[in-house]
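What follows is the residue order along each chain.
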Amino acid sequence: MASVTQDSSRLYDKLAEVIEEKKDLRNPLIEILRIAQEIFGYLPVEVQEFVAEKMGIPASKIYGVVTFYNFFSMKPRGKYTLNVCTGTACFVKGAPRLIQMIAEELGVQMGETTEDGRFTMSAVRCVGACSLAPVFVIGEDTFGRIDNKDKVKEILARYE
Ligand code: FES
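In what follows, the accompanying structure is described. (Residues numbered from 1 in each chain as written. Predicted model: local features only at pLDDT ≥ 70, side-chain atom pairs only at ≥ 80, totals over all residues. Heavy atoms only, no water.)

## A short note on the overall build of the chain
In step 1: Helix and strand counts for the chain stand at seven helices and four strands.
In step 2: Beginning at the N terminus, the succession of helices and strands in the chain can be written as α-α-α-α-β-α-α-β-β-β-α.
In step 3: Taking all 160 residues of the chain together, the buried fraction comes to 41%.
In step 4: At a minimum sequence separation of 6, the contacts of the chain that also span at least 24 residues come to 62%.
In step 5: Averaging the positions of the 20 positive and the 22 negative side-chain charges in the chain gives two centres separated by 7 Å. (Helix = DSSP H or I, 4+ residues; strand = E, 2+ residues; numbered from the N terminus. Buried < 20%, exposed > 50% of the residue type's maximum accessible area, 1.4 Å probe, protein only. Contact = heavy atoms within 4.5 Å. Lys, Arg positive; Asp, Glu negative; His and termini not counted. Charge placed at Lys NZ, Arg CZ, Asp CG, Glu CD.)

See the structure below:
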C-alpha cells in the first residue's frame, strides 16, 4: 500500500492523469475517488483538495462524498481489510460476538486499523454465504461458522 509521504509527487502526477482522462465522463467523481484511493491507499484531505482543484468543484462536495460512502476511507487502511458480515443471517447467528472476538484478538474496534498496519476491520452487508453464518471475508477468502476465539486466532495468523 502506498502512503502519501512516500514518493507523493509521482502519485499526484498519476492522479492528475486519471482526472484528465475521466473528468468528462458522466458523474466521474466516485470513479475518480475510487482510483485515487487505490493510488494513495486512502483519501486524506490533501488528496481531496487536489481532486477538488483539478475538477473545479468545492472541496466540501468531495468531503461529502467521501464521508457518505463507507468504502472510502480518510485514514490509512491495513494491508488486509477484514470485512465482517453484518447481514441479517450473520447477525442472528452471532456477528456481534464475532466482532467482539476479532476486536479482542486485534485490539481494534470496527473501522480501525491495527497498530502494525496488518488489518482494518470493517462491516459489510450480506456477502452471499449465509449458510456459513457468521462470516468474515479477507480479500478473496471467506471464513464461516466462526464460533470461537481459537478459530479467529488461527485464521488471522495466516495473514502476514
Ligand atoms: S448475511 Fe452474512 S453472508 Fe448473508
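Anyway, onward from the coordinates.
## Quick notes on the nonpolar core
In step 1: In terms of nonpolar packing, the biggest core is built from 22 residues, with L15, L33 and V51 touching the most fellow members.
In step 2: Mapped by element, the contributors of at least two residues to this core are α1 (8-22), α2 (29-40), α3 (45-55) and α4 (59-68).
In step 3: With seven residues, α2 is the largest single contributor of residues to this core.
In step 4: Not counting residues within four places of it along the chain, the set of residues in contact with L15 comprises A36, I39, F40, V47, F50 and V51.
In step 5: By size, the runner-up hydrophobic cluster in this structure holds 18 residues, among which are L106, F136, I155 and Y159. (Core = buried A, V, L, I, M, F, W, Y, C linked by side-chain atoms within 4.5 Å.)

## Here we look at the layout of surface pockets
In step 1: In this structure, the largest pocket spans a volume of roughly 640 Å³.
In step 2: Looking at the lining of the largest pocket, the elements that each hand over two or more residues are α2, β1 (80-85) and β2 (119-124).
In step 3: Top element by residues in the lining of the largest pocket is β2. It accounts for five residues.
In step 4: Class assignment of the residues belonging to the lining of the largest pocket gives a composition of nine nonpolar, eleven polar and five charged.
In step 5: Two domains each provide a minimum of three residues to the lining of the largest pocket, namely domain 1 (8-68) and domain 2 (80-156). (1 Å grid on protein atoms, 1.4 Å probe; cavity = no way out; pocket = protein on both sides within 12 Å on 5 of 7 lines; lining within 4 Å. Points joined across faces, edges and corners; volume = space filled by probe spheres on them. Nonpolar A, V, L, I, M, F, W, Y, C, P; charged D, E, K, R; others polar. Domains from an automatic or database assignment.)

## Thoughts on the pairing of β1
In step 1: Two strands pair when backbone bridges link them, and β1 and β2 are joined in this way by six bridges, in the parallel orientation. Note that in β2 the partner of V84 across the bridge is A123.
In step 2: As defined by bridge partners, β1 adjoins strand β3 (residues 136-138) across three bridges and the pair is classed as antiparallel. When the bridges of β3 are listed, L82 appears paired with I138. (Pairing = 2+ DSSP bridges.)

## Some thoughts on the sheet that holds β1
In step 1: Reading across the sheet, the four strands line up as β2-β1-β3-β4 and stay open at both edges, with mixed pairing between neighbours. Looking at strand neighbours, the two that pair on one side only are β2 and β4 (141-143), the edges of this open sheet. Across the sheet, the mean angle separating the axes of adjacent strands is 25° when strand polarity is ignored.
In step 2: As paired elements, β3 and β4 share three bridges and run antiparallel to each other. Bridge assignment links V137 to a residue of β4, and that residue is T142.
In step 3: Most of the contacts of helix α6 (residues 95-106) go to β1, to which it runs at about 155°, and overall it touches β1, β2 and β3. (Axes fitted to C-alpha atoms, helices over the stretch in contact; angles between N-to-C directions.)

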